[in-house]
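Overview (structure and organization)
Residue-level listing of the chains:
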Amino acid sequence: MSSDRIYSRIAGTGSYLPEKVLTNDDLAKFVDTSDEWIAARTGIRQRHIAAEGETTSDLAYHASVRAMEAAGVTAAEIDLIVVGTTTPDLIFPSTACLLQHRLGANGCGAFDVNAACSGFLYALSVADKFIKSGDAKTVLVVGAETLTRMVDWGERTTAVLFGDGAGAVVLKADTETGILSTHLHADGGKKELLWNPVGVSVGFKEGEKNAGVAIQMSGSDVFKYAVRALDSVVDETLEANGLDKHDLDWLIPHQANLRIIEATAKRLDMPMDRVVVTVDKHGNTSSGSVPLALDQAVRSGQVQRGQLLLLEAFGGGFTWGSALLRY
Ligand code: UT7
């Protein structure tokens, strides 16, 4: 049934993972850890690592080309590019501008959104507003990261968690179906529990430039906040749409830790065969994780047109958010 309402429909998805794979056993050769510990505490078995010289915009480009092919959209048709990333190629220009030029989409608006691991959900929400307001008809939304560039490989509490990768979606204005709602939250008061505390304005450490700076995390605190925040945002999302948790077809969560994913699935009373899990193969790819999982689920035939999907993420900031959509 059509209406006058404008939705943002996902017309195509794409993703890209760098070629190099680092397994838990590979990691255990240079840091004090084991496949057994990593798998039991996180669900991660391996992660992909960007090659030397391979940047976030490279990963974003490959994912975007695949999403555009799937959507049947050319670069000239794109009105706006929004990239969620916390590991941009450069301080400026934005990764979105670099991507725009490489795609040949010159002229359209292009900008990055930094919300750490919630970057894709933030980018998707912004893009959705552009479409709903009528300001854009076709938007490329990307989550892309080379997070392993800021990992301290000698620090076992963080080195085992992260990977590189990118996912993308093409959103098109549609009167039939699409994104039903998005919900964004942040709490800057918890910044020190998960951060990388250097930068242009604060200053890089003497003699280090930006090399050697690393993610710092208080893992068990982040774990507790993440579970609570995600419980709350999934409840908020269902309530805003007058839906029951049993109406959902798929949960497509941020892939940080299988135990966090299982906690959200339990909250939603969803069996794990209706939850898309890629954390075992990808590790935590930050902004890349939700669109990577979505693309995998679409291409494998798990997610079908017409199904109701709940996407959610939690990350540094803290930031967290969700999107409910009819695919
Ligand atoms: O995407 C952004 C959001 N990020 C997250 O959501 C991450 C949330 N946090 C987590 O996923 C978990 O807290 C971790 C996976 C990071 C850690 O799991 P945990 O069950 O909370 O472990 P823990 O930090 O409490 O550490 C337990 C033990 C400690 O040893 P002791 O003190 O009990 O002797 C750690 O030193 O495990 C030790 N440990 C390790 N052992 C082997 C910590 N890291 C490792 C490791 N290998 N890699």
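Residues numbered from 1 in each chain as written. Predicted model: local features only at pLDDT ≥ 70, side-chain atom pairs only at ≥ 80, totals over all residues. Heavy atoms only, no water.

**Digging into the sheet that holds strand β11 (residues 250-253)**
The following threshold applies: At least two bridges found by DSSP between two strands is the condition for calling them paired. In this text, helices come from DSSP runs of H or I with a minimum length of four residues, and strands from runs of E with a minimum of two, each type numbered from the N-terminal end. Between the N-to-C directions of two axes lies an angle of 0 to 180 degrees, each axis being a line fitted to C-alpha atoms and, for a helix, fitted only over the stretch in contact.
Pairing in this open sheet of four strands is mixed, and the strands run β8-β13-β12-β11 from one edge to the other. The open sheet is flanked by β8 (179-186) and β11, the only strands paired with a single partner. In this sheet, adjacent strand axes meet at a mean angle of 10 degrees when their direction is disregarded. Looking at chain direction, β11 and strand β12 (residues 308-315) are connected through four bridges and run parallel. For Trp250, the partnering residue across the bridge sits in β12 and is Leu309.

**Considerations on the site of the ligand**
Inclusion rule: Residue proximity to a molecule or strand is established when one non-hydrogen atom of the residue lies within 4 Å of it. The definition of a polar contact used here is a pair of N or O atoms within 3.5 Å, where within protein one atom must be able to donate a hydrogen and the other to accept one, and adjacent residues in sequence count solely through side-chain atom pairs. Note on residue categories: nonpolar means Ala, Val, Leu, Ile, Met, Phe, Trp, Tyr, Cys or Pro, charged means Asp, Glu, Lys or Arg, and polar means any other residue, Gly included.
Near the ligand, the surroundings consist of 23 residues, among which Thr33, Arg41, His254, Asn257 and Asn284 are the closest. Note that an oxygen atom of the ligand is positioned 2.7 Å from one of the side-chain N or O atoms of Asn257. Here Arg259 contributes a side-chain N or O atom positioned 3.0 Å from an oxygen atom of the ligand. Within the residue set of the shell around the ligand, elements represented by two or more residues are α2 (35-42), α6 (156-159), α7 (219-240) and α8 (258-267). It is α7 that contributes the most residues to the shell around the ligand, four residues altogether. Partitioning the shell around the ligand into residue classes produces eleven nonpolar, eight polar and four charged.

**Quick word on the state of the cysteines**
For clarity, the threshold we go by: A pair of sulfur atoms, both from cysteines and within 2.5 Å, is called a disulfide here.
Enumeration according to the criterion identifies zero disulfides in this entry. The structure places no disulfide on Cys97, whose sulfur is separated from the nearest cysteine sulfur, that of Cys108, by 8.9 Å.

**Details of the side chain of Thr146**
Rules: Throughout this description, buried means an accessible area under 20% of the type-specific maximum (1.4 Å probe, protein chains only), exposed means over 50%, and partly exposed covers the range between. Contacts: residue pairs with any heavy atoms within 4.5 Å of one another.
Examined against the element boundaries, Thr146 turns out to sit in strand β6 (residues 138-146). With a relative accessible area of 4%, Thr146 lands in the buried category. Excluding its chain neighbours within four sequence positions, the residues that come into contact with Thr146 are Ala50, Glu54, Thr55, Thr56, Leu59, Thr87 and Asp164.

**Some thoughts on the pattern of salt bridges**
For side chains bearing opposite charge, pairing can occur when the charged atoms are close. Heads up, the rule is: Counted as salt bridges are all cases of a side-chain nitrogen of Lys or Arg within 4 Å of a carboxyl oxygen of Asp or Glu.
With the rule as written, the count across this model stands at twelve salt bridges. With a shortest N-O distance of 2.9 Å, Lys132 and Asp128 are connected by a salt bridge. Placement of both Lys132 and Asp128 in helix α5 (residues 119-132) is noted, with a separation of four residues, approximately one turn of the helix. You can call Lys132 partly exposed: its relative accessible area is 28%.

**Section: unusual backbone geometry**
Residue Phe92 is joined to Pro93 through a cis peptide bond whose omega torsion reads 0 degrees. Relative to the assigned elements, Pro93 resides in the loop between β4 (80-84) and α4 (95-103). For Ala116, which is not a glycine, the phi torsion comes out positive at approximately 50 degrees. Here Ala116 is to be found in the loop between β5 (109-113) and α5. Despite not being glycine, Ser286 has its phi angle at roughly 55 degrees, a positive value. Looking at where Ser286 falls in the secondary structure, it is placed in the loop between α9 (279-282) and α10 (289-299).

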